[in-house]
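Structural characterization, general
Below, each chain spelled out in residue letters.
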Amino acid sequence: MRKLFVGVAGPVAAILLSMSAMGSAAAQSFPSRPITLIVPAAAGGPTDAVSRLVAESMGRTLGQQIVVENVGGAGGTIGMTRVAKSPADGYMVTVWHIAQATAPSLYDNLRYNVIDDFDSIGRIADVPMTIVGKSGLEPKTAKDLIDWIKQKKAAVTYAHAGIGSASHLCAIMFMSAIDTQMTALSYRGTGPAMSDLLGGQFDMMCDQTTTTTAQIKDAKIKGYAATTKERLKILPDLPTLDEAGLKNFEVAAWHAMWAPKGLPADVQKKLSDALQTALKDPKVIERLAALGIEPVKPEQATPEALSAHLKAEVAKWSPVIQASGAKAN
């Protein structure tokens, strides 16, 4: 029996060593083909813009093209489900935002666990948001807008990029702050929503500077307020909601990158290092700045920092969403 065990153990050990060596070699050669980056939202929106800037720079660092694919719908859960169910080899990643933290509270039958089914690559940026309206909207200032909404109530229409999206969360907090409910219109992304706002098909929305800055500057839409503590450098004439009387109102949409759970450590490090290199890329910084965005600090862009941030955000938004009664089932 002892001789038989020894005889079998030798080949088995050799196979295991061979598999380990193959895994190490695969990690060392990563990436050997193009990487797919899933954006769980429509093209033309803020997450799409951030993703494409980062993908271009990361691709140069990694020596392989990163192909951006938009998979919108269902508040981003269709795209995130696809990522969660994909092989954990580094060839599928995703850039998503604050909606990753709100999904557990909004969906009773979510097909993935936002924490357990993904490996963190790193946080990218915190994006300021703005309250905007169609060009012909009656109110002139943010204070006028608040008074007007309180008077018109449900007759006022606002758009968002799907339940649980940053634009939806901002609207929930805004309506709670002014104690008035408006009528919601749900879109598959803020890109399509902005097109309809430009066409005057609804009254207003809360959206990220990536989508609104150019339109506000060109006076194609009305900019009412920023949802930040201080005025935005890129839109210095735009007051804050705090200035309009909503004290301590602050909402920002953060973006981050994940991969399917089970990523080899070497591959995770390569992706994270490439992301951090992108966030220091002068061209990326310049182009993000044009959208009113600054990359996060290096210590916030690590996998460990993102994992801690996501857990904190899930805990933060859960009671807010429960209080609103919002559900996306």
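Residues numbered from 1 in each chain as written. Predicted model: local features only at pLDDT ≥ 70, side-chain atom pairs only at ≥ 80, totals over all residues. Heavy atoms only, no water.

A look at the domain arrangement of the protein
Domain boundaries in the protein define domain 1 (35-127 + 254-324) and domain 2 (129-244). On a C-alpha basis, the centres of domain 1 and domain 2 stand 25 Å from each other. Counting residues at the interface gives 27 residues for domain 1, matched by 21 residues for domain 2. Interface area, domain 1 with domain 2, both sides summed: about 1700 Å², of which 66% is carbon and sulfur. At the junction of domain 1 with domain 2, the criterion picks out 1 salt bridge. In this structure, Glu294 and Lys233 form a salt bridge, with 3.7 Å as the shortest nitrogen-oxygen distance. The interface formed by domain 1 and domain 2 holds 1 residue pair in polar contact (both at pLDDT 80 or more) in total. Those elements that provide at least two residues to the side of domain 1 that touches domain 2 are α2 (46-62), α4 (99-106) and α11 (303-324). Tallied by class, the residues present in the side of domain 1 that touches domain 2 amount to 16 nonpolar, 10 polar and 1 charged. (Domains from an automatic or database assignment. Contact = heavy atoms within 4.5 Å. Buried area = accessible area lost by both parts, 1.4 Å probe. Salt bridge = Lys/Arg side-chain N within 4 Å of Asp/Glu carboxyl O. Polar contact = N/O pair within 3.5 Å; in protein donor to acceptor, adjacent residues only side chain to side chain. Helix = DSSP H or I, 4+ residues; strand = E, 2+ residues; numbered from the N terminus. Nonpolar A, V, L, I, M, F, W, Y, C, P; charged D, E, K, R; others polar.)

Some details on the environment of Ala88
By the element assignment, Ala88 lies in the loop between α3 (77-84) and β3 (92-97). Along the primary structure Ala88 and Val267 are separated by 179 residues, whereas in three dimensions their C-alpha atoms are 9.7 Å apart. In this structure, Ala88 is in contact with Pro260, Lys261, Gly262, Leu263 and Pro264, ignoring residues within four places of it in sequence.

Concerning the state of the cysteines
A complete count under the given rule lists 1 disulfide for this structure. The partner cysteine of Cys170 in its disulfide is Cys206, sulfur to sulfur 1.9 Å. An S-S torsion of about 70° defines the bridge between Cys170 and Cys206 as right-handed. Here the residue Cys170 occupies a position in helix α6 (residues 166-178), and Cys206 occupies one in strand β7 (residues 204-208), the gap between them amounting to 36 residues. Cys206 shares its class with Cys170; the two are buried. (Disulfide = S-S within 2.5 Å. Buried < 20%, exposed > 50% of the residue type's maximum accessible area, 1.4 Å probe, protein only.)

Observations concerning α3
The buried fraction of α3 amounts to 6 of the 8 residues, a majority that puts the element mostly inside the structure. Looking only at α3, the buried set comprises Thr77, Gly79, Met80, Thr81, Val83 and Ala84.

Quick notes on the environment of Ser195
Relative to the elements of secondary structure, Ser195 occurs in helix α7 (residues 190-198). Owing to a relative accessible area of 48%, Ser195 belongs among the partly exposed residues under this scheme. Separated by 66 residues in the primary sequence, Ser195 and Lys261 have C-alpha atoms spaced 36 Å apart.

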